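Now for the letters of each chain:
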Amino acid sequence: MSLTIRYIRSSGPASIRSDLDSGLSILTGFRRLVLVPSEISMHMSEEIRPRRTTLLSAAGFLVLQRLLFCVICSPRRSGRLKIEEGRMKVTYYGHACFAAEVSNRTLLFDPFISGNELARAVDPKKVPADFILISHGHADHLADAGDIAKRTGAIIISNYEITQWFGRMGLQKTHPLNHGGGYRFNFGRAKFVNAIHSSSLPDGVYGGNPGGFIIESADGNFYYSGDTALTMDMKLIGESIDLKFAALCIGDNFTMGIEDAIRAADFVRCREVLGLHYNTFPPIHIDEQAAMEQFKAAHKNLHLLLPGESHNF
Ligand code: NI
Ligand code: MN
């Protein structure tokens, strides 16, 4: 049986092809293993500490090899390998703002906290960020971005026009993307994808076109829709990537409502949904219980967190 082992170090990914019968090479300094035998893909959640000693890495690998042998060669196995995947911690900060812990970095999306009465339990002066990702120019997606970027030194990732706008405000640590383009950062890859919405900045300046993000990392992948209508482009995401969860706007009026968000989850082929952009203003108020039941009826889980609450996807 052929097996691909991909080990990921801080210096970048590499892969080794090996064969179970002939034994596996001893890898040193590896941090996380992703094993891909034929059509099966799984991620080892157990992290083996890197570069302590070669001996420790080798010992860790031997344990892993033994575990693999047991799983793959067990007579009771039935089709797909089942080893629990690593978990990704996500914290909700109200409206469309949330943070994901990815490869030990904090990715903060669309910070709008100080102006959100529902997020009064969250202190924006204490919200951590290594990267701030902004989907479009509306104030309910970036009002706190400048202050948090100044305090934390986080890099702002957004479209070209929005990063230029922050640059003129003295925030030079930015990275511009445009639609269809992605870039590999130290946490993984961020790609800017289509959204159907508008995007003027708070001072009326043109904010480029709105977008969403796909994040790919060794910890798993996820999609943040930004503010958007349901779009057929979401099918392309479902066709090309396995998502751990999708963060979707659900509040209707300015964005997708519940029915469209369920279809969006179908399009991107993801059952775990973090609901965003609801209840903050009267026109986007939802019945949370009914929304969760609608998702459940469509065999999906809608996660509605309280501001400040975390969930591990
Ligand atoms: Ni908007
Ligand atoms: Mn919005």
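Report on the accompanying structure.

Reading guide: rules and limits
- Residues numbered from 1 in each chain as written.
- Chains lettered and ligands numbered in written order.
- Predicted model: local features only at pLDDT ≥ 70, side-chain atom pairs only at ≥ 80, totals over all residues.
- Helix = DSSP H or I, 4+ residues; strand = E, 2+ residues; numbered from the N terminus.
- Contact = placed C-beta atoms within 7 Å.
- Pairing = 2+ DSSP bridges.
- Axes fitted to C-alpha atoms, helices over the stretch in contact; angles between N-to-C directions.
- Buried ≥ 20, exposed ≤ 12 C-beta atoms within 10 Å, placed from the backbone.

## Observations regarding the environment of N116
- The residue N116 is located in the loop between β7 (105-109) and β8 (131-133) in this model.
- Sequence spacing of N116 and D140 is 24 residues, and the spatial spacing of their C-alpha atoms is 8.5 Å.
- Among all residues touching N116, those that are not within four sequence positions of it are G94, H95 and T280.

## Quick word on the sheet that holds strand β15 (residues 245-249)
- In spatial order, the strands read β11-β12-β13-β14-β15-β16-β17; together these 7 strands make up an open sheet with mixed pairing. Edge positions in the sheet fall to β11 (182-185) and β17 (301-303), since each has one partner strand and no second. Sheet twist, expressed as the average angle between the axes of neighbouring strands with direction ignored, equals 20°.
- Summarising the sheet, β11 and strand β12 (residues 188-194) pair through 4 bridges and their orientation is antiparallel. Each residue of the ladder has a partner; that of F185, found in β12, is G188.

## Here's the deal with unusual backbone geometry
- Of note in this structure, D252 is not a glycine but carries a positive phi near 65°.
- Along the chain, D252 falls in the loop between β15 and α6 (258-267).
- Overall, D252 belongs to the partly exposed group, with 18 C-beta atoms counted inside 10 Å.
- Phi is positive for H299, close to 60°, though the residue is something other than glycine.
- Mapped onto the fold, H299 is located in the loop between α7 (288-297) and β17.
- A residue is classified by how many C-beta atoms lie within 10 Å of it, and H299, with 10 of them, is exposed.

Geometric values such as these leave the question of function open.
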